[in-house]
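# Overview (structure and organization)
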Amino acid sequence: MAFLLELLLYLILNNKKMIKIALIIDIKTNAGGGIGMCLTKLNYLKKIKNKNFLIITTYKSTSLLLEKKYKINNIFYNKNSAINRIINFCSKKTNFFSSSFENFLLKKNINKIFFLNPSYLNLLIKKISYIYTIWDLSHTEKNLDKLPEHNKIVKNIRDKCYQLAAKKASYIVIGTKENKYKFIKKYKCKNKKLKILKFKPYICTKKNIKLSKINTYYRKQKSFFLYPAQYWDHKNHKFLINFFEKYKDNKLIKNFNLICTGHDKGNFSYLKKIIKLKKLEKKIILLKYLEDDVLYYLYKQSIGLIFPSLIGSHSFPMHEAFYFRKPVFYNKKILSNEFKKFVYLIDIKSIDSLYKKIKTHFSKNNSKVINNAKKKFEMLFNEKKIISDIKLILG
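These remarks concern the structure in this document. Please read all numbers here as calculations on a predicted model, not as lab measurements.

### What to know about the side chain of His 314
Locating His 314 in the fold gives a position in the loop between strand E11 (304-307) and helix H13 (316-323). Within the structure, the side chain of His 314 is placed 3.1 Å from the side chain of His 319, a separation counted as a polar contact.

### Side note on the sheet that holds strand E9 (residues 257-261)
Across the sheet, which stays open at both edges, the six strands sit in the order E10-E9-E8-E11-E12-E13 with parallel pairing between neighbours. The open sheet has two edge strands with one neighbour each: strand E10 (284-287) and strand E13 (344-346). Each strand axis lies, on average, 25° off the axis of its neighbour in the sheet, ignoring direction. For strand E12 (residues 328-331) and E13, the ladder comprises three bridges, and the chain directions are parallel. From the neighbouring strand, Asn 331 faces E13, where its bridge partner is Ile 346. Contacting strand E8 (224-228), E9, E10, E11 and E13, helix H10 (residues 237-247) runs over the sheet at an angle of about 165° to E9. On top of the sheet, helix H14 (residues 351-363) reaches E8, E11, E12 and E13; it is set at about 165° to E13, its chief contact.

### Comments concerning helix H4 (residues 60-68)
Buried within H4 we find Thr 62, Ser 63 and Leu 66. The buried residues of H4 occupy one face: seen down the axis, they fall within an arc of 100°. Check the buried side of H4 and you find it contacts strand E1 (20-25), helix H3 (33-45), strand E2 (52-57) and strand E3 (75-76).

### Overview of the packing of aromatic side chains
This model, assessed by the stated rule, comprises 29 aromatic pairs. Taking the centre distance of 6.5 Å and the plane angle of 70° together, the rings of Tyr 130 and Tyr 132 count as edge-to-face. Given a relative accessible area of 1%, Tyr 132 falls into the buried group. With 5.1 Å between their ring centres and 15° between their planes, Phe 329 and Tyr 344 make a pair best called stacked. Highlighted residues: Phe 329 in strand E12 and Tyr 344 in strand E13, separated in sequence by 15 residues. You'll find Phe 329 and Tyr 344 in the same group, each marked buried. Its guanidinium or amino end placed over the ring of Phe 268, Lys 288 lies 4.8 Å from that ring's centre, counting from NZ or CZ.

### Some details on the nonpolar core
Side chains of a nonpolar character, in soluble globular proteins, are inclined to be buried together. Grouped together as the largest cluster of nonpolar side chains are 95 residues, with contacts concentrated most on Phe 114, Phe 225, Phe 243, Leu 298, Phe 322, Leu 354 and Ile 390. Those residues in contact with Phe 243 that lie beyond four places of it in its chain are Ile 253, Ile 351, Leu 354, Tyr 355 and Ile 358. By size, the runner-up hydrophobic cluster in this structure holds 32 residues, among which are Phe 101, Leu 121, Cys 161 and Phe 183.

### Some thoughts on unusual backbone geometry
A positive phi is found at Lys 71, a non-glycine position, where the angle reads about 55°. One can find Lys 71 in the loop between H4 and E3.

What counts, and at which threshold
The residue count restarts for each chain, going from 1 along the sequence in the order it is written. The model is predicted, so local features are restricted to residues of pLDDT at least 70 and side-chain atom pairs to those at 80 or more, both for listing and for counting; the totals for chains, interfaces and linings are taken over all residues. As a rule here, side-chain values cover all heavy atoms of the structure and leave hydrogens and water aside. In DSSP terms, a helix is any run of H or I states spanning at least four residues, a strand is any run of E spanning at least two, and both are numbered starting from the N terminus. Nitrogen and oxygen atoms within 3.5 Å of one another constitute a polar contact, given that in protein one can donate a hydrogen and the other can accept it, and given that sequence-neighbouring residues count only through two side-chain atoms. Only when DSSP finds a minimum of two bridges between them are two strands counted as paired. To obtain an axis, a line is fitted to C-alpha atoms, over the contacting stretch when the element is a helix, and the angle between two such axes runs from 0 to 180 degrees between their N-to-C directions. Throughout, a residue-residue contact means that at least one pair of heavy atoms, one from each residue, lies within 4.5 Å. Relative accessibility thresholds used throughout: buried, under 20% of the residue-type maximum; exposed, over 50%; partly exposed, between the two (1.4 Å probe, protein chains only). By construction, the arc corresponds to the directions joining the helix axis to the C-beta atoms. In summary, the pairing rule links any two rings of Phe, Tyr or Trp, Trp by its six-membered ring, whose centres are within 6.5 Å, and it sorts them by plane angle into stacked for under 30 degrees, edge-to-face for over 60 and tilted for everything else. Geometrically, a lysine NZ or arginine CZ counts as sitting over a ring once it is within 6 Å of the ring centre and also within 35 degrees of the ring normal. By convention a nonpolar core is built from buried Ala, Val, Leu, Ile, Met, Phe, Trp, Tyr and Cys residues, the set being connected through side-chain atoms within 4.5 Å.

So this is what it looks like as structure tokens:
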């Protein structure tokens, strides 16, 4: 009897250690920065020793990428199989039975879920406690309504996911104060439920690369700005094309080129065509998505980052540029106040604005801006604090 009481007491005291947490990666391999965000979260989570984590992916290509390239074991849930889609659809329409997704998790003895990226799968959860992730609230911005990536279907799904997360999630991870308060206002969410957390970009965790692995083509590139961004409409590559068209013969700008890299989201061929028509092939190089080692090399060789995107109160490219000690030229309209003194703010309604800021940087000794940005990076990504914050939301 005494033994049973001791065992019961042990189980109660160690209950937290028994919690099994599903880390959900519901994202395709061509998500670019999205995959990087999930990977960097996993880097932090694996350093938390007293939790039982189970990594679950929902796209086969993502599952294989994690296993083969990053040596990360995971379990694949096929959300797109016919039977799972039917059961999940019916589950959303009624409270009589659980979804295929939730049953899958319950069979794995999951007590808690952490969605590492924004996912509609939270709509299928009725019994299990979960932590949700939000990257941005751009779908709520009226001036971005015409973007094809913000069509009505996408907006409606996001709204439903965010509304439910505001009510049901134990915590919601969000990137900036501005987005936190926008979310509270829009979705009537409790302040204590939202946790501001930023994660070091995965590429910044690499120690170094072997030059022999870098193709000669990339090693030949000199004096170039970098813009690593998917080829979405909202990434606003046209601004940069117009800039180089106007200033290609300028005494300063004629010495500089631009390299863009990312997955094609429907605009790659169109942008290539415009660049050819404007005879800018030697000034602007469009590349598809690059491996981490190549991007790491290009960052080190670049002369700066230009970020004219319509979305991104903060971004991986900005933090990466801070890490590599490169000047950042960023759309002033979207950037969080937290970072404005560490970058050169540009007005994307005026290409002359970018020229003035580039001229300012290269005509004066502006190492102070870059040094301060690097210090900001180090302060922002304090590993002990990030892990402490993650432990708090995991419970």
